[in-house]
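Per-entry structural report
Here is what each chain is made of, one letter per residue.
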Amino acid sequence: MPKNYDPLLLENQLCFPLYACSKEIVRRYKPFLDELDLTYTQYITMMVMWEQEELTVKELGERLFLDSGTLTPVLKKLESKGYVSRERAKEDERNLDVQITEAGRALKEKAAGIPGKMAACFTLSQEDAMTLKRILETLMGQFGE
């Protein structure tokens, strides 16, 4: 590090560009998600549901890095829209199972074009995008430690 390095300068922070990019990416998702009447958190929840179809709230929270206090209102809203259903697990009533519904499966077709629309918002090469994703996943992997 340079001799006069100041760790409290905004320009020296890793967290700030991550924060700013995350905020901007979610902002750019908004018009596409508004067409589906979804928030970004509802959208990423549905992405997991399209992949898994059924899992516990705990498993869903682990996949999304969300606690149950954040996830519960999201699931309630998705349930009120008819995209998921929630019920107590038969083998252990302490667990809440989440299942995708037919309407939730049908929503996937409507959302299919969103990744391409988002990719068009940025001029990052595929190689740089994959490198950035790999670095961020490495960092995310350390959050559970």
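Higher on the page you've got the structure.
Treat the numbers as computed from the prediction; the structure is a model and nothing was measured. (Residues numbered from 1 in each chain as written. Predicted model: local features only at pLDDT ≥ 70, side-chain atom pairs only at ≥ 80, totals over all residues. Heavy atoms only, no water.)

1. Quick look at the packing of aromatic side chains
Selection rule: The pairing test for Phe, Tyr and Trp rings, Trp by its six-membered ring, is centres within 6.5 Å, and the orientation test on the planes gives stacked under 30 degrees, edge-to-face over 60, and tilted for anything in between. Helical segments are the DSSP runs of H or I of at least four residues, strand segments are the runs of E of at least two, and each set is numbered from the N terminus. For each residue, the accessible area found with a 1.4 Å probe, counting protein chains only, is set against the maximum for its type, and the residue is called buried under 20%, exposed over 50%, and partly exposed in between.
Using the criterion set out here, one finds six aromatic pairs in the structure. Residues Tyr 29 and Tyr 40 carry aromatic rings whose centres are separated by 5.2 Å and whose planes lie at 55° to one another, so their mutual orientation is tilted. Linking Tyr 29 in helix H1 (residues 15–34) with Tyr 40 in helix H2 (residues 40–52), this pair joins segments that are eleven residues apart in sequence. Assessed through its relative accessible area of 28%, Tyr 40 is described here as partly exposed. Centre to centre, the rings of Phe 65 and Phe 143 are 6.2 Å apart; their planes meet at 85°, and the pair counts as edge-to-face. Placement of Phe 65 in the loop between helix H3 (57–64) and helix H4 (68–80) and of Phe 143 in the segment after helix H7 (126–141) is noted, with a sequence separation of 78 residues between them. Given a relative accessible area of 47%, Phe 65 falls into the partly exposed group. Through successive ring pairs, a cluster of aromatic residues spans Tyr 29, Tyr 40, Tyr 43 and Trp 50.

2. Focus on the environment of Arg 63
Counted only if it meets this: The contact rule is simple, with two residues in contact once any of their heavy atoms fall within 4.5 Å. Polar contacts, as used here, are pairs of N or O atoms within 3.5 Å; protein pairs need one atom able to donate a hydrogen and one able to accept it. Residues neighboring in sequence count only if both atoms are side-chain atoms.
The topology assignment puts Arg 63 in helix H3. For Arg 63, a relative accessible area of 39% puts it in the partly exposed group. Discounting chain neighbours no more than four positions away, the residues touching Arg 63 are Val 48, Glu 51 and Gln 52. Looking at Arg 63, its side chain comes within polar contact range of the side chain of Gln 52, at 3.5 Å.

3. Quick look at the pattern of salt bridges
Heads up, the condition is: A side-chain nitrogen of Lys or Arg and a carboxyl oxygen of Asp or Glu constitute a salt bridge if their distance falls within 4 Å.
Enumeration over the complete set of coordinates arrives at nine salt bridges. Linking Glu 53 and Arg 105 is a salt bridge whose minimum nitrogen-to-oxygen distance equals 2.9 Å. Linking Glu 53 in the loop between H2 and strand E1 (54–56) with Arg 105 in helix H5 (residues 102–111), this pair joins segments that are 52 residues apart in sequence. Its salt-bridge partner being Glu 79, residue Arg 86 comes within 2.9 Å of it at the nearest N-O pair. A relative accessible area of 29% means that Glu 79 is categorised as partly exposed. Members of the salt-bridge network, linked through shared partners, are Glu 24, Arg 27 and Arg 28.

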